[in-house]
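Structure at a glance
One letter stands for each residue in the lines below.
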Amino acid sequence: YTKSGFKNYGPAGDFFMERIVNSLPARRLGSPEEVSSAVMWLLSEGSSYVTGKVICIDGGGSFVALPLIDIEDKTNLPVYGMIPPKARL
């Protein structure tokens, strides 16, 4: 048993953990208590008017892209299709 399943992946898990934690605005993983608090609220009468929503419990991770690879020069990324001149950086 490990608190994080990433430990089961050895060095690859360490790599992903470093990338994930550093990309999160909260700069840490969430605790089981933080997730279960949201679940308990959803199960309570206080959430009876909530329908059809996704509640992200991700430390702000849904607001940022996860950088799994380093790209040194973004001007050399291949383009699929045509980019209008106004859309180019």
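In what follows, the structure referred to is the one given above.
Every value quoted in this text rests on a predicted model; they were computed, and no experiment measured them. (Residues numbered from 1 in each chain as written. Predicted model: local features only at pLDDT ≥ 70, side-chain atom pairs only at ≥ 80, totals over all residues. Heavy atoms only, no water.)

1. Topic: the overall build of the chain
Secondary structure summary: the chain contains two helices and zero strands in total. Out of the 89 residues in the chain, the part that is buried amounts to 13%. Restricting the contact set of the chain to residue pairs at least 6 apart, pairs at least 24 apart contribute 49%. Total accessible area on the chain is roughly 8100 Å²; 62% of this is exposed by carbon and sulfur atoms. (Helix = DSSP H or I, 4+ residues; strand = E, 2+ residues; numbered from the N terminus. Buried < 20%, exposed > 50% of the residue type's maximum accessible area, 1.4 Å probe, protein only. Contact = heavy atoms within 4.5 Å. Areas by Shrake-Rupley, 256 points an atom, 1.4 Å probe, with all protein chains shown as cover.)

2. Considering unusual backbone geometry
Backbone geometry at R27 places phi at a positive 60 degrees, although glycine is not the residue there. Checked against the element boundaries, R27 lands in the loop between α1 (11-23) and α2 (32-43).

3. Observations regarding the packing of aromatic side chains
Two aromatic rings, taken as a pair, are described by how far apart their centres are and by the angle between their planes. As enumerated under the stated definition, the model contains one aromatic pair in all. Judged by centre distance (5.5 Å) and plane angle (70 degrees), the rings of F15 and F16 are edge-to-face. Take F15: its relative accessible area is 37%, and that puts it in the partly exposed class. For F16, a relative accessible area of 32% puts it in the partly exposed group. (Phe/Tyr/Trp six-rings, centres within 6.5 Å; stacked < 30°, edge-to-face > 60°.)

4. Focus: α1
For α1, spanning 13 residues, the distance from its first C-alpha to its last is 18 Å, which sits close to the expected 18 Å at 1.5 Å a residue. G13, M17, R19, I20, V21 and S23 are the residues of α1 that are buried. (Expected span 1.5 Å × (residues − 1).)

5. Points about the side chain of S47
Here S47 is to be found in the segment after α2. Those residues in contact with S47, other than ones at most four positions away along the chain, are W41 and L42.

6. Some words on the environment of F63
Here F63 is to be found in the segment after α2. Expressed as a C-alpha distance, the spacing of F63 and P25, which sit 38 residues apart in the sequence, is 8.5 Å.

7. Topic: a nonpolar patch on the surface
Where nonpolar side chains cluster on the molecular surface, the patch consists of V35, V39, M40, W41, L42, L43, V50, I55 and I57 and spans about 800 Å² of accessible area. By relative accessible area, I57 is classed as partly exposed at 41%. (Patch = residues over 30% accessible without salt bridge, like charges linked within 9 Å, V, L, I, M, F, W, Y side chains within 5 Å. Salt bridge = Lys/Arg side-chain N within 4 Å of Asp/Glu carboxyl O.)

This is a description of form; function is not addressed.
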